[in-house]
Amino acid sequence: MSDFNQYDHLIDFDTLQLKYAATPKTRVCKVCGTVFKPNDNKHLSCSHRCTQRLYLARRKARELQEAEQTTPVTPVNE
Ligand SMILES: [Zn+2]
């Protein structure tokens with residue numbers, strides 16, 4: 001047996017993997033494809049502008065989805 005085994009209990013590999021998986025060094029922007037450095041795991045776009053575009057695209061997709069699901073209702077003017 002090698003002497004490395006005596007240190008195994010000191011290193012939680014699962015925790016280390018999670019830590020590094022959670023904060024990748026670089027990520028490809030979902031909007032424009034630019035490689036950027038994310039500040040946290042929720043960061044999907046490279047810039048504020050791309051974040052806005054992603055938000056607007058999601059909102060539009062949700063609106064279209066909701067429009068398909070619900071029957072159109074004509075507004076009533078009082
Ligand atoms: Zn971008």
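All chains use their own residue numbering, which begins from 1 and follows the written sequence. The predicted origin of the model limits local features to residues at a pLDDT of at least 70 and limits the giving and counting of side-chain atom pairs to 80 or more, whereas totals for whole chains, interfaces and linings rest on all residues. Note that the side-chain values use all heavy atoms of the structure and ignore hydrogens as well as water.

Visitor: Quick rundown of the environment of L44? Include the residues and the values.
Guide: As for its placement among the helices and strands, L44 is situated in the loop between β2 (35–36) and α2 (48–69). L44 sits 13 residues away from V31 along the chain, and the two C-alpha atoms are 8.4 Å apart. Helix numbers and strand numbers start at the N terminus; a helix is a DSSP run of H or I with at least 4 residues, a strand a run of E with at least 2.

Visitor: Any chance you could break down the side chain of S45 for me, citing the residues and the numbers?
Guide: Secondary-structure assignment places S45 in the loop between β2 and α2. Throughout this description, a polar contact denotes any pair of N or O atoms lying within 3.5 Å of each other; where both atoms belong to protein, one of them has to be capable of donating a hydrogen while the other can accept it, and for residues adjacent in sequence the pair is counted only when both atoms sit in side chains. A distance of 2.9 Å separates a polar atom in the side chain of S45 from a polar atom in the side chain of T51. Here, residues are in contact when the closest pair of their heavy atoms is within 4.5 Å. In contact with S45, not counting residues within four places along its chain, are C29, V31, F36, C50, T51 and L54.

Visitor: An account of the coordination of the zinc ion is requested, with residue identities and associated values reported.
Guide: Sodium, potassium and calcium take a 3.2 Å donor cutoff, other metals 2.8 Å, and in both cases only N, O and S atoms count; water is not among them, so sites may look incomplete. Listed as protein donors to the zinc ion are C29 (SG), C32 (SG), C46 (SG) and C50 (SG); their distances from the metal cover 2.3 to 2.4 Å. Given four donor atoms and angles of 104 to 115 degrees at the metal, the environment of the zinc ion is assigned as tetrahedral. Positions of the donor residues of the zinc ion, expressed as sequence spacing, correspond to C-x2-C-x13-C-x3-C. For every residue, the accessible area obtained with a 1.4 Å probe (protein chains only) is divided by the maximum for its type, and the residue is called buried under 20%, exposed over 50%, and partly exposed between those limits. Given a relative accessible area of 6%, C50 falls into the buried group. Under this scheme a four-donor centre is tetrahedral when all angles range from 85 to 135 degrees, a four-donor centre is square planar and a six-donor centre octahedral when opposite donors are above 155 degrees with the rest from 65 to 115, and any other centre is irregular.

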